[in-house]
Structures are given as structure tokens and as C-alpha cells.
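# Fold and contact review
Here is how the chains run, residue by residue.
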Amino acid sequence: MADAMSAVDRRDFVPPPLRDRVGEDRPLAIGHGQTNSQPRTVANMLRLLDVRPGQRVLDVGAGSGWTSALLGRLVGPHGCVVGVELEPELARWGARNVAGYAMPWVSLRLAQPDTLGWPQDAPYDRILVSAQPRRLPQDLVDQLAADGVMVIPVRGTMLRVSPRPGDKPRVTRHGWYRFVPLR
């Protein structure tokens, strides 16, 4: 994971006026009420997600594309990353940012307004959610592979979620974090 964070420069994923602040361990505004998340938070989420080469990953709330590009480095060319972003301008900008890293196995798409995630390409081995819902969204749990993992901040608590067929998903808690709301 440290290799991915070194290879994908956060500077390429924030607006030009903020590029001198990318070394700060804090979220940076990217417009439309969204942020490029705090590096320590992203590192913690990626550690919990435990992404492996060749996996299929969904990145919900992809924003500037930084996490999609990081995930792309982790899965490598035999994997696949689908980033989704609800705000059209951010989705276009994020897709351009990701394209600068020449990883054709990573795409950033405009989220469908009434659909959470990207169910048409499910199941995913991993799902990263960088926005905060009020409760665990079953729509996303349903997009996980049987042995998949989702990392999501729900009401401020970072959850690691693993489905269990025929039962409620296994959920562990991993500290308190602040995120923009999941719309």
C-alpha cells in the first residue's frame, strides 16, 4: 500500500490552488461540497480493505479519482477498478485525473442518480466507500462477492463488512471518522 501511495501523487488529484497543501494530513476541498480525503484516513481504509492483485474493486464516491488510482495500483493490470461519482463535474475531472496514470483497468464513471454503486458489473471482491450513509446500505452489500470485503464509514464509524450467505454480514468497527454524506 505504501508503494501505491508513493506512486500516485495526491497533487494530481486536487485543484491547482491547493497543490502546495497536499503534504498536509487533512482533507482538501475539491468543490461541490466534496473533499480529497485525509491521507492517513485513506491509508487506514486501504489497510482494512486488504486489496490484492487481480481483484475487482468498486470505489463509491470516487471524487477526484485519487482513491480509484490508488486502488488501480493495488489491483494491477489483471484487476479492475470501477469508480463512481454522483457529481457530474467531479466525475469528468476525476476520470481525466485517473487517465493521466495510464491504467486502462481503472475507470471513473458518473453514478446513476437512483442507483447506489455499479450493480451491472457486480460482484466485486472489494468495495471502498468514501462517503457516510446513515445505515449500512444493503444495495452495496449485495454487490459484494461471497468472500468480498467492504470498508464504509456509517454514522462516523468505520466498518469492515463481509457478507455471509444466508445470514447477516459480519461487521467489525474500526474507529471514528468524518466524511461527507452519501447521497
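Everything below is about the structure printed above this text.
Residues numbered from 1 in each chain as written. Predicted model: local features only at pLDDT ≥ 70, side-chain atom pairs only at ≥ 80, totals over all residues. Heavy atoms only, no water.

### A few points about the packing of helix α2 (residues 39-49) against helix α3 (residues 66-75)
The N-to-C vectors of α2 and α3 enclose an angle of 40 degrees; their axes lie 12 Å apart at closest approach. For the element pair α2 / α3, the angle class is oblique. In the crossing of α2 with α3, the sense of the turn from one axis to the other is right-handed. Contacts between α2 and α3 involve P39, V42, L46 and L49 from the former and W66, T67, L70, L71 and L74 from the latter. (Axes fitted to C-alpha atoms, helices over the stretch in contact; angles between N-to-C directions. Helix = DSSP H or I, 4+ residues; strand = E, 2+ residues; numbered from the N terminus. Parallel < 35°, antiparallel > 145°, perpendicular 65-115°, else oblique. Left-handed = near helix turned anticlockwise from the far one by under 90°. Contact = heavy atoms within 4.5 Å.)

### Things to note about the side chain of E87
Inspection of the secondary structure assignment puts E87 in the loop between β4 (80-85) and α4 (88-99). Apart from the residues lying within four places of it in its own chain, the contact partners of E87 are H32, L110 and R183.

### Topic: the packing of aromatic side chains
Summed over the entire model, instances satisfying the criterion amount to one aromatic pair. With centroids separated by 5.6 Å and ring planes inclined at 25 degrees, the aromatic side chains of F13 and Y101 adopt a geometry described as stacked. With a gap of 88 residues between them, F13 in the loop between α1 (2-7) and β1 (28-31) and Y101 in the loop between α4 and β5 (106-110) connect regions that are remote in the sequence. On the basis of relative accessible area, F13 is assigned to the buried category, the value being 0%. Cation over ring: R10 sits above W66, and NZ or CZ is 5.5 Å from the ring centre. (Phe/Tyr/Trp six-rings, centres within 6.5 Å; stacked < 30°, edge-to-face > 60°. Buried < 20%, exposed > 50% of the residue type's maximum accessible area, 1.4 Å probe, protein only. Lys NZ or Arg CZ within 6 Å of the ring centre and 35° of its normal.)

### Focus on the sheet that holds β4
Here we have seven strands laid out as an open sheet, ordered β5-β4-β3-β6-β7-β8-β9, and mixed in their pairing. Edge positions in the sheet fall to β5 and β9 (167-176), since each has one partner strand and no second. Pairwise comparison of adjacent strand axes, ignoring direction, gives a mean angle of 15 degrees for this sheet. With six bridges joining them, strand β8 (residues 157-164) and β9 adopt antiparallel strand pairing. Note that in β9 the partner of R160 across the bridge is T172. (Pairing = 2+ DSSP bridges.)

### Here we look at unusual backbone geometry
Omega for the bond connecting A122 with P123 falls within 30 degrees of zero, at 10 degrees, which places this linkage in the cis form. Tracing the sequence through the fold places P123 in the loop between β5 and β6 (124-129). Even without glycine at this site, A102 takes up a positive phi of about 45 degrees. By secondary structure assignment, the location of A102 is in the loop between α4 and β5.

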